[in-house]
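Tertiary structure, described
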Amino acid sequence: MMGVFTIAEIGQAHNGSIEKLHKYIDEVAKTRVDAIKFQTHIADAESSIYEPFRVKFTNEYATRFDYWKAMEFSEEQWIEIGKHCKKEGLTFISSPFSNAAVDVLERAEIEQYKIGSGEITNFLLLKKVVDTGKPIIISSGMSSIEELNKTVGFLKKHDANFSILQCSTSYPTTPKNYGLNVINELKGLYGVPVGFSDHSAKIATGIAAVALGAEILEFHVVFNRDEFGPDVTSSLTIDEATELVKSVKQIHEALKHPVDKKDNSAFADLKQIFEKSLAVNKDLKKGHIITFNDLEAKKPKGYGIDASKYKLVLGKKINKNLNQWDFLNKTDVIL
């Protein structure tokens, strides 16, 4: 079992500031995450003034199109972003929302592509991405199994190297919508690596996803939750992301080493210390008939009859005087 591939999603947390984006790269690298993910927007190619807002989080932009315009970076800036990611040891991933964005990302030497759930049925974009030969991660957020079947069929037909993320497109995602059960359902259906894209802003969700079999874990990151943007309430802070990555590595290590409860030989010495022997809890005279209320169990094992075999002595006579707390052996009882 290879390691869980962890991805910190920046999205629009940079708010259109290239300086802030580069600061995110520096800070995310400190979390020990494997990859950092962005969104590559070219408003003219992907949208129009008629696109409605998903969340009207500000009056600064008259239209969603204007917002995407503000989130754009130039090709030269994307090239520098890619270089910075690699310098920090982070796999460079982005979600293109147009074929034009794919051209930009290719020139920026993108390493992997992420396909957002809103693009799952955009076979024009999928074909463009498949033709790059780069690994692809698709998000299942808004997709039904029927839609996923078509997309997976398309990707397999074109020999794409792809994986799927279970995702719930709600911000922030509440526990009843996590869909953790879908992780193994998707594995069974498609036979490809499956992960989890989290919008819960909770460390526990990612840990649970990995424990349930997620091989990829993506989560939004923000400097703090007082920041501005549509995904802030769905994001982890840098400190939380650091803790999540550490926890995920520990869970993965545990999953690599399943415990065989049929074999407890490794605990033989400890069992000798912690398991107990029968003793008497009061002074008893020779000939006394032992009752349950005469008995105690004391450490260690092996100095008297095993405590598990206490029924052997019930109703039996002792053949000598015993002092309180003496161990009780078979030689002390007329069996």
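The shown structure was predicted, so the numbers you read here are calculated from the model rather than taken from an experiment. (Residues numbered from 1 in each chain as written. Predicted model: local features only at pLDDT ≥ 70, side-chain atom pairs only at ≥ 80, totals over all residues. Heavy atoms only, no water.)

Description of the pairing of strand β8 (residues 216-222)
Quick reminder of the rule: Exposure categories follow from relative accessible area, calculated using a 1.4 Å probe and restricted to protein chains: below 20% of the type maximum is buried, above 50% is exposed, and the middle band is partly exposed. By the criteria applied, helices consist of DSSP H or I runs no shorter than four residues and strands consist of E runs no shorter than two, each listed in order from the N terminus. The pairing criterion for strands is at least two bridges between them, as found by DSSP. Orient the strands so they point away from the viewer; a crossover is then right-handed if the path from the first strand over the helix to the second runs clockwise.
Along β8, 7 of the 7 residues are buried, which leaves the element largely enclosed by surrounding structure. In this sheet, β8 lies alongside strand β1 (residues 5-11) in parallel orientation, the contact comprising 5 bridges. Across the sheet, the residue bridging to E9 is H220, located in β8. In the sheet, strand β7 (residues 194-198) pairs with β8 via 3 bridges, with the strands oriented parallel. Counterpart to S197 in the pairing with β8 is E218. As a crossover connection, the stretch from β7 through helix α9 (residues 203-211) into β8 is right-handed. With 2 bridges connecting them, β8 and strand β9 (residues 236-237) associate as parallel partners. What sits directly across from V221, in β9, is L236.

Some words on the packing of aromatic side chains
Rule in force here: Each pair of aromatic rings taken from Phe, Tyr and Trp, with Trp reduced to its six-membered ring, is defined by centres within 6.5 Å and is described as stacked if the planes are under 30 degrees apart, edge-to-face if over 60, and tilted in the remaining cases. By the criterion adopted, a ring carries a charge over it if an Arg CZ or a Lys NZ lies within 6 Å of its centre and within 35 degrees of its normal.
Applying the stated criterion to the full structure yields 10 aromatic pairs. Seen in terms of ring centroids, W78 and F92 are 6.5 Å apart; in terms of plane orientation they differ by 25 degrees. Their pairing is stacked. In this pair, W78 is assigned in helix α4 (residues 75-87) and F92 in strand β3 (residues 91-96), connecting sequence segments 14 residues apart. Take W78: its relative accessible area is 1%, and that puts it in the buried class. Grouping aromatic residues by their ring pairs yields a cluster made of F38, F73, W78 and F92. K23 extends its terminal NZ or CZ atom over the ring of F223, reaching a point 5.3 Å from the ring centre.

Quick notes on the packing of helix α1 (residues 18-29) against α4
Rules: All axes here are fitted lines through C-alpha atoms, helices being fitted over the stretch that makes contact, and every angle between N-to-C directions spans 0 to 180 degrees. Should an angle lie under 35 degrees it is considered roughly parallel, over 145 roughly antiparallel, and from 65 to 115 roughly perpendicular; all remaining angles are considered oblique. For any pair of crossing helices, the crossing counts as left-handed if the nearer helix is rotated counterclockwise from the farther one by less than a right angle, and right-handed if it is rotated clockwise. Here, two residues are considered to be in contact whenever any of their heavy atoms come within 4.5 Å of each other.
One way to put it is that α1 packs onto α4 with a least axis distance of 10 Å and a crossing angle of 15 degrees. By the angle class used here, α1 and α4 are roughly parallel. As α1 runs across α4, the sense of the crossing is right-handed. When α1 is examined against α4, the residues I18, L21, H22, I25 and D26 are found in contact with a partner set consisting of Q77, E80, I81, H84 and C85.

Observations regarding the nonpolar core
Formally: In this text, buried Ala, Val, Leu, Ile, Met, Phe, Trp, Tyr and Cys residues form a nonpolar core when linked through side-chain atoms within 4.5 Å.
By size, the foremost hydrophobic cluster in this structure holds 64 residues, and its most contacted members are F38, I81 and F219. Here this core gets 6 residues from one element, more than from any other, and that element is α1. Those residues in contact with I81 that lie beyond four places of it in its chain are I18, L21, H22, I25, F38, F73 and F92. In this structure, L284, V313, I318 and V333 belong to the second largest nonpolar core, which totals 11 residues.

Section: helix α8 (residues 182-190)
Keep this limit in mind: What the arc describes is the spread of directions from the helix axis to the C-beta atoms.
Buried within α8 are the following residues: V182, I183, L186 and Y190. Axial view of α8: buried residues confined to an arc of 110 degrees, hence all on one face. Contacts from the buried residues of α8 go to α7 (145-157), β6 (162-167), β7 and α9. Within two residues after α8, G191 carries a phi angle of roughly 65 degrees, on the positive side.

Observations concerning the pairing of β7
Among the 5 residues that make up β7, 5 are buried, leaving the element largely enclosed by the rest of the structure. A two-sided burial pattern is seen for β7, the buried positions comprising V194, F196 and D198 on one face and G195 and S197 on the other. In this structure, β6 lies alongside β7, joined through 4 bridges in parallel fashion. Counted as the bridge partner of I164 is V194 from β7.

A word on the UniProt feature "domain: AFP-like" (unreviewed entry) in the protein
Stated formally: UniProt positions are given in the numbering used here, feature names are shortened, and annotations may be inferred rather than shown by experiment.
When the UniProt feature table is mapped onto this chain numbering, "domain: AFP-like" (unreviewed entry) sits at residues 277-335. A distance of 17 Å separates the end C-alpha atoms of residues 277-335, which is 0% helix and 20% strand.

A short note on the pattern of salt bridges
Our working rule: In the sections that follow, a salt bridge refers to a side-chain nitrogen of Lys or Arg positioned within 4 Å of a carboxyl oxygen of Asp or Glu.
A complete count under the given rule lists 19 salt bridges for this structure. With a closest N to O distance of 3.0 Å, K69 and D44 form a salt bridge. Of this pair, K69 sits in helix α3 (residues 64-70) while D44 is found in helix α2 (residues 43-46), placing the two residues 25 residues apart along the sequence. The exposure class of D44 is exposed, given its relative accessible area of 55%. E75 is the partner of R107 in a salt bridge, and the nearest nitrogen-oxygen pair spans 2.8 Å. Here E75 lies in helix α4 and R107 lies in helix α5 (residues 99-107), a separation of 32 residues in the sequence.

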